[in-house]
Amino acid sequence: MPFDPLLFFGDNGGGDQFAFVLTPERPDIFVWDHETDSRLWAARELEDYLHRSLTDGGDWWW
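Residues numbered from 1 in each chain as written. Predicted model: local features only at pLDDT ≥ 70, side-chain atom pairs only at ≥ 80, totals over all residues. Heavy atoms only, no water.

Participant: What should I look at first to understand the side chain of aspartate 33 in this one?
Facilitator: Residue placement: aspartate 33 occurs in strand E3 (residues 26–33). Within the buried set, aspartate 33 has no salt-bridge partner at all; the shortest N-O distance to an opposite charge, 9.3 Å, is to arginine 39. Looking at aspartate 33, its side chain comes within polar contact range of the main-chain nitrogen of glutamate 35, at 2.8 Å. From its side chain, aspartate 33 meets the backbone nitrogen of threonine 36 in a polar contact 3.3 Å long. (Helix = DSSP H or I, 4+ residues; strand = E, 2+ residues; numbered from the N terminus. Buried < 20%, exposed > 50% of the residue type's maximum accessible area, 1.4 Å probe, protein only. Lys, Arg positive; Asp, Glu negative; His and termini not counted. Salt bridge = Lys/Arg side-chain N within 4 Å of Asp/Glu carboxyl O. Polar contact = N/O pair within 3.5 Å; in protein donor to acceptor, adjacent residues only side chain to side chain.)

Written out as structure tokens, the structure is:
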């Protein structure tokens, strides 16, 4: 997945960054792993992302 369609909006404090996919538009949120340059699915939508990130500590998207 290239960077061009991604809209980054936050990070985990350790270098990994969270993003929406703008093209094609979809509600899913992905995380860019800065160590491996991989893009991993993190959440179904913003509400799911907020729920997961606020109720679980650490690297919850693994």
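Having put the structure on the table, let's press on.
Participant: Can you walk me through a nonpolar patch on the surface in this structure?
Facilitator: A contiguous nonpolar surface patch, about 380 Å² in accessible area, is contributed by Phe9, Leu46, Leu50 and Leu54. No other element matches the three residues that helix H1 (residues 46–55) contributes to the nonpolar patch. On the secondary structure map, leucine 50 appears in helix H1. For leucine 50, a relative accessible area of 38% translates into the label partly exposed. (Patch = residues over 30% accessible without salt bridge, like charges linked within 9 Å, V, L, I, M, F, W, Y side chains within 5 Å. Areas by Shrake-Rupley, 256 points an atom, 1.4 Å probe, with all protein chains shown as cover.)

Participant: Sorry, what's going on with the pattern of salt bridges here?
Facilitator: When the charged atoms of two side chains lie near each other, side chains of opposite charge can form a pair. In the structure shown here, the tally under the stated rule is four salt bridges. Where aspartate 48 meets arginine 44, a salt bridge forms, and the shortest distance between an N and an O atom there is 3.8 Å. Given the relative accessible area of 48%, arginine 44 is considered partly exposed. Among the ionic pairs, aspartate 48 bridges to arginine 52, the shortest N-O distance being 3.0 Å. Of this pair, aspartate 48 and arginine 52 both sit in helix H1, separated by four residues, roughly a single helical turn. Judged by relative accessible area, arginine 52 falls into the partly exposed class, the value being 28%. Several salt bridges converge on common partners, so that one network encompasses Arg44, Asp48 and Arg52.

Participant: What is the right way to look at the nonpolar core in this model?
Facilitator: What tends to happen in soluble globular proteins is that the nonpolar side chains get buried as a cluster. Phe18, Ile29, Val31, Ala42, Ala43, Tyr49 and Trp60 together form the largest nonpolar core, which totals seven residues. Sorting the residues of this core by element identifies E3 and strand E4 (38–43) as the ones contributing at least two each. (Core = buried A, V, L, I, M, F, W, Y, C linked by side-chain atoms within 4.5 Å.)

Participant: Please explain the packing of aromatic side chains as it appears in this structure.
Facilitator: Note on aromatic pairs: each is described by the distance of the centres and the angle between the planes. In this structure the tally under the stated criterion is five aromatic pairs. Pairing phenylalanine 3 with phenylalanine 8 gives two aromatic rings, centres 5.7 Å apart and planes at 50 degrees, and the pair type is tilted. Given the relative accessible area of 35%, phenylalanine 3 is considered partly exposed. The interplanar angle of 35 degrees and the centroid separation of 4.8 Å between the aromatic rings of phenylalanine 9 and phenylalanine 20 together place this pair among those described as tilted. Taken as a pair, phenylalanine 9 in strand E1 (residues 6–11) and phenylalanine 20 in strand E2 (residues 17–21) lie far apart in primary sequence, 11 residues in all. On the basis of relative accessible area, phenylalanine 9 is assigned to the partly exposed category, the value being 33%. On the basis of relative accessibility, which here comes to 22%, the residue phenylalanine 20 falls in the partly exposed class. An aromatic cluster is built from Phe9, Phe18, Phe20 and Tyr49, whose rings are joined through pairwise contacts. Looking at arginine 39, its charged tip hangs above the ring of phenylalanine 3, at a distance of 4.4 Å from the centre. (Phe/Tyr/Trp six-rings, centres within 6.5 Å; stacked < 30°, edge-to-face > 60°. Lys NZ or Arg CZ within 6 Å of the ring centre and 35° of its normal.)

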